[in-house]
Every structure is written in structure tokens, then in C-alpha cells.
Amino acid sequence: LKYLICMTWRPQYRSSKYRHVFGKPVTKENCYDGVPITRSVHDNHLCTVNPRFIAVITECAGGGAFLVLSINHTGKVDPHHPKVSGHRGNVLDIKWNPFNDFCIASCSEDTTVKIWDIPEHGVLKNITVPRKELQCHSRRVGLIEWHPTADNIIFSTGYDYQVMVWKLDVPEQVIKNPVRSISVHSDVVLSMSFNTDGSWLATSCKDKKIRVIDPRTGTLLQETNCKSHKASKVLFLGNLKMLLSTGNSRWNHRQIALWDQEDLSQPSYSEDLDGSSGVLFPFYDPDTHMLYIAGKGDGNIRYYEISPEKPYVHYLTEYRSLLPQKGMGVMPKRGLDVCSCEIFRFYKLVTIKSLIEPLSMIVPRRSESYQEDIYPMTAGNKPSMTADEWISGLNKGPVMISLRPGSKLDSYVELGSGKDPTDSMETQHSRSRPGLSLLIQERLDAKEGNARKVYPPTSLLPSTDEKSSSTTYVSNGKLDSTHCSPPKTENELRQMFYKQQEEIRRLKEQLNQKDVRIKQLELEIKNVRNSQANL
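Nothing here was measured: the structure is a model prediction, and the numbers come from that model.

Undergrad: So what's going on with the overall build of the chain? Residues and values would help.
TA: When helices and strands are counted, the chain shows 4 helices and 36 strands. In the chain, the proportion of contacts linking residues at least 24 apart, taken out of those at least 6 apart, comes to 55%.

Undergrad: Provide a residue-level description of unusual backbone geometry, including the pertinent values.
TA: Here K310 and P311 are connected by a cis peptide whose omega angle stands at 5°. On the secondary structure map, P311 appears in the loop between β27 (301-306) and β28 (313-319). Here H289, not a glycine, exhibits a phi torsion of approximately 60°, which is positive. Structurally, H289 can be placed in the loop between β25 (280-285) and β26 (290-295).

Undergrad: Could you give me a rundown of the sheet that holds strand β3 (residues 47-49), with the residues and numbers involved?
TA: Across the sheet, which stays open at both edges, the 4 strands sit in the order β3-β4-β5-β7 with antiparallel pairing between neighbours. Of all strands in the sheet, those with a lone pairing partner are β3 and β7 (84-87), marking the two edges. For this sheet, the mean inter-axis angle between neighbouring strands, taken without regard to orientation, is 20°. As paired elements, strand β4 (residues 53-58) and strand β5 (residues 64-70) share 6 bridges and run antiparallel to each other. The residue bridging I57 from the neighbouring strand is F66, located in β5.

Undergrad: Before we move on, can you summarise the confidence of the model for the chain with the specific residues and values?
TA: Across the chain, the average pLDDT comes to 82, with 82% of residues at or above 70. Long-range and interchain partners of residues 1-11, a stretch whose pLDDT sits below 50, account for 11 contacts in this model, where long-range means more than four residues apart.

Undergrad: Which residues make up the sheet that holds strand β10 (residues 112-117), and what values go with them?
TA: Judged by pairing direction, the sheet is mixed, and its 5 strands sit side by side in the order β8-β9-β10-β11-β15 without closing on themselves. In this open sheet, the two edge strands, each paired with only one partner strand, are β8 (91-96) and β15 (174-175). As paired elements, strand β9 (residues 103-108) and β10 share 5 bridges and run antiparallel to each other. Each bridged residue has a counterpart across the sheet, and for C107 the counterpart in β10 is V113.

Undergrad: Now, about a positive patch on the surface: what can you tell me, with residues and values included?
TA: A cluster of basic residues, K206, K208, K230 and R250, forms a positive patch on the protein surface. Residue placement: R250 occurs in the loop between β22 (242-249) and β23 (254-260). Judged by relative accessible area, which is 53%, R250 ranks as exposed.

Undergrad: If you had to explain the nonpolar core to someone new, which residues and values would you point to?
TA: Judged by nonpolar contacts, the single largest core of 31 residues is most densely connected at I54, F66, V68, I118 and Y347. Those elements that place two or more of their residues in this core are β3, β4, β5, β8 and β30 (342-350). When residues of this core are assigned to their parent elements, the largest contribution, 5 residues, is made by β4. In contact with I54, other than residues within four places in its own chain, are Y32, C47, T48, V49, L67, V68, L69, S70, I71, Y347 and I356. Counting 26 residues, the second largest nonpolar core, distinct from the first, contains Y18, M290, Y319 and C341.

Undergrad: Describe the pairing of β22, and please don't skip the residues or the numbers.
TA: With 7 of 8 residues buried, β22 is to be regarded as a mostly interior element. Sheet topology places strand β21 (residues 229-236) next to β22; 7 bridges connect them, and they run antiparallel. Counterpart to A231 in the pairing with β22 is G247. The turn linking β21 back onto β22 is made up of 5 residues, and G238 within it adopts a positive phi angle of 55°. Relative to β23, β22 is paired through 7 bridges, and the arrangement is antiparallel. Paired with M242 across the bridge in β23 is D260. A loop of 4 residues connects β22 with β23, the two strands running antiparallel in sequence, and N252 in this loop sits at a positive phi of about 65°.

Undergrad: For the pattern of salt bridges, give the residues involved together with the corresponding values.
TA: Within the structure shown, the criterion is met by 24 salt bridges. Notably, a salt bridge pairs E109 with R140, separated by 3.5 Å at the nearest N-O pair. With a gap of 31 residues between them, E109 in the loop between β9 and β10 and R140 in the loop between β11 (132-135) and β12 (141-146) connect regions that are remote in the sequence. For E109, a relative accessible area of 33% gives the class partly exposed. Taking the relative accessible area as the measure of exposure, R140 reaches 31% and is therefore partly exposed. Through salt bridges with shared partners, one network takes in R254, D274, D298 and R302.

Undergrad: Can you lay out the environment of T27 for me, pointing to particular residues and giving the numbers?
TA: Residue position: T27 is located in the loop between β1 (22-25) and β2 (32-33). On a C-alpha basis, the gap between T27 and G75 in space is 9.9 Å, while along the polypeptide they are 48 residues apart.

Undergrad: If you had to explain the environment of T217 to someone new, which residues and values would you point to?
TA: Checked against the element boundaries, T217 lands in the loop between β19 (210-213) and β20 (220-223). T217 gets classed as partly exposed once you look at its relative accessible area, which sits at 43%. C-alpha of T217 to C-alpha of I182: the two residues are 35 residues apart in sequence and 8.1 Å apart in space.

Undergrad: Kindly report on the state of the cysteines, identifying the contributing residues and their values.
TA: In this structure the tally under the stated criterion is 0 disulfides. The structure places no disulfide on C341, whose sulfur is separated from the nearest cysteine sulfur, that of C339, by 8.7 Å. Assessed through its relative accessible area of 3%, C341 is described here as buried.

Conventions adopted
- Residues numbered from 1 in each chain as written.
- Predicted model: local features only at pLDDT ≥ 70, side-chain atom pairs only at ≥ 80, totals over all residues.
- Heavy atoms only, no water.
- Helix = DSSP H or I, 4+ residues; strand = E, 2+ residues; numbered from the N terminus.
- Contact = heavy atoms within 4.5 Å.
- Pairing = 2+ DSSP bridges.
- Axes fitted to C-alpha atoms, helices over the stretch in contact; angles between N-to-C directions.
- pLDDT = per-residue confidence, 0-100.
- Patch = residues over 30% accessible without salt bridge, like charges linked within 9 Å, V, L, I, M, F, W, Y side chains within 5 Å.
- Areas by Shrake-Rupley, 256 points an atom, 1.4 Å probe, with all protein chains shown as cover.
- Salt bridge = Lys/Arg side-chain N within 4 Å of Asp/Glu carboxyl O.
- Lys, Arg positive; Asp, Glu negative; His and termini not counted.
- Charge placed at Lys NZ, Arg CZ, Asp CG, Glu CD.
- Buried < 20%, exposed > 50% of the residue type's maximum accessible area, 1.4 Å probe, protein only.
- Core = buried A, V, L, I, M, F, W, Y, C linked by side-chain atoms within 4.5 Å.
- Disulfide = S-S within 2.5 Å.

Right under this line is the structure:
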């Protein structure tokens, strides 16, 4: 027995820059007060956010409506504020177009999906005429999702058990024929999630099963038959090739489970959380590999860090509040305050107070400068392909941007394309000698009057042009610049400074990981020796 205990018990030593992330709610005057949040019991987020607007489904007599407010319109909301109110039934879901901050989609009990254009200065009068109306569902439509990389592609699903694929860049104002109708579900679809390039679609269904589908052909690729986990929500975990689901265990405890996207026969990991009854909403940040779990009707939000190796899920801590949330909106990464080390932002719908409360997740740092290590390149708001390209079979990852203040937000690089973001700029910048000091950088900034033109770090991006790019080698722990050409301009000098900083950060992370592994191996050796001595 002593031998078994010694062999199975392993203390965990794991360093993480997100260990001390904390939730920071805003003050009352910075909340959205007096919002008539819907009383619908539909298990959706009921709220959607982008860097310009926040939209929330509201109560409305004689039909369905939602409210669109400027993101800066905090404080008391006018009870007669104009609404978007063109549906004949209750609105069940709303989603902003990820590539157009002035376009929003809604679906309703009236069996339609509608696409709306929001004026640049916000909703100043009631909007009742949509830009597009999608009509094909035979029963109420409960869920919509935009494609993550293709422009003008949206998915809808309803109580007719159908998942429909719509193409919006057509001249008709009323679209009655979807590109495809997917009929592989035996009950109502509860959630939909795409992988990074949108080539696979995962769904959870009221029959408690998870399905992975090819969204172009409608072919069913994988399906769960596990009796120990009844899934209600499902989420692709970025590029980790894993799915996360929330649901209930055999004993009706709320539970999270991880699945290999290639094999859904059994979960790779599962954990019971509590015995409450509210639906668990999962949110995943692929940039930080952090998972947030928020329960409907709960006041708390648990957060974890996900790793590609066992034990996969590492609990960090939880944010606690006395205000229960009915739904949640999430700000895209490009709308966060990077100067305060904000890595995620929720918008909690608190119905008992008619309140929308922003909640920032903060990484505590003493420095107020931009923290490169917690803000890698992230998905931007430009599509990587057209609707026709996606329908024809093309797969492309999201177009990435840097969140560094002062960087050009129109300087994009396509994930996995092998293109350097600076290749599309007017001035080409080749990689040059590392080893620049902060003093050189400050002098360059002073010389240009602090008019900084910052580019994304090229060390994160592969380059296909062997002539214009150079390679940095690491030898005996030192950077070898013998194969690098010297910088010819001040901009090239600055570019290499950022490249050097990223290289140092990456090497530090590798050293930390190796230190942790060494400690684990030392403990294992010690345990084995103790067990042999006891024998």
C-alpha cells in the first residue's frame, strides 16, 4: 500500500503567468443601468459585443426587439431608447458580424434570421427594415453563428432540427434558399462551434450528444455515445485539436469534459463541478489558453488554463460575486485595454437589477508598458477568404493582427500563410542583427519625436522569402548574428529590437518549462528510492 501511494502521488509544480489573474468589475456609473433585459428562458448568451457597440435582447410588446448601445454609453439608459424591432416573435439570439462592426444578425421565434445595418453613430430611431431576411426554417430559430474566416457566411439552426448555411453576398433582399441544409440531428441543437479555420463544425444537441460535422457537405464525421456525460454546450479549443463540453454527469452534477476531436468515443478528461442546475457557459481564449466557465444564475466565474498534455486542465481560481448572471457578452481581443493588462472582458446581464456589468480579467503587472508575452498575434476583423472561396473547398486560418498600441491595425498576416506582415507595407523591412539595447530604442524614439510606427514582431511569423529575410541562430545559449545583415534604416533597427524581445521571452518560457520538468523528475526519483527502501 505504501508503495502504491508513493508511486501515484505526485506533487504538481507548475509556473504560469496567469496564476494570479483576477476579475475587476467596473463602478456603478460605468455599468449600463435600466436595461429591460429579456425574460426569455432560452439558454443563449442574450448579449453580443464589439469594440463599438453592445447589443442585448430586451422585452418588447407585440414582437421581438434588441437594444444597441454605444460601448461608451454607460450609466442610466433611457427607457425609450430606440430599438431594432423588426421581428414578429421573440428574438432568441443575436451575433455581431466579426468582420463588420456595423452589421448584426438576429434570429427569432418567427422562423426568420435577419441581417441589420447599424448606423455609424448608433441607433437614433427605431429600425424595422433589415438588410437581408433569411426564410427557410419551418419552426423557430434558436441559434446563429458567423463563419470565423469566410466573409458573408452565416449558420442558423432551429426547432426543426436543421442547421442551415447561408450566403449573404447575393442581390436578393429576401433569401429563401440556403447553400446547404444539414440534417443529422434528432433533436434541437443547443450550441455550435467552429474550429480555427472553420472547416469543422461541432454541435451539442438536446439528445445530449456531441457531433462533429463537415459544414460544406453536411457529412457527420464524429458522434459521442458516452453515457457518463450529457453535453449541453460544446466548444472547439483553438488549435489544440480538442473539444470542451459542459453538461451533466450520470448523477446530475454539473460537469466539464475534454474530447479528442478525432475520437469522441470517451472523454479524455472530465470533472464534476457542483450540484447546481444552471447551464454552464464555456468561453475559451486561444491566445492565452485560458478557459472560463460561467454558470447561468451563478455569480461566480471559474477559470482554468488548458495544456495539450495531461492533465490538460489546470484550475487557476474563480471570480465571486453576489450578482447572478442570466447571460454573458464577450469583447473581442481587439477591443481590450492592453495598457491595464486586460486579457478578457465579460458583460454580465444582471436581470434582478436591470444591469449590464462589464468585468475585466486582469494579469497583475507592475509595469504599465505593453506586455508582449500576454498579447500574441490575435485574430483581427478582416476575412481571409470570400464566401465563394469557402464554398468551393478552400480553408484558410484567420487573419492575424498585433495589439501593440501604435501598431497599424491594417497590417495583417494570414495565419499559416507564410507571409510576413511587413511584406504588404510600403517600406519593406528585413530581419537584422539582434542584441539592441533599450537605450538605442529610446534614442530612436526621441529622434522621431515619439512618433512611433510599430510593426508586429516577425519572430512569430514564418518567411518564405529567403533572400529578403535572415535567420537568427542560437548557439550555447547566445544569439548568433553572423548570418544576419546589418539594419539599414531606423525602422529596421526598431523592428529588430521587438524581434529580440520576443526571442528573449520565448527562451525564458522554455527555461521555465525545463526547470519545472527537472523538479518533477527529481521528485519521481526520490519517490522511487523511498518505495524501494520501504520494500
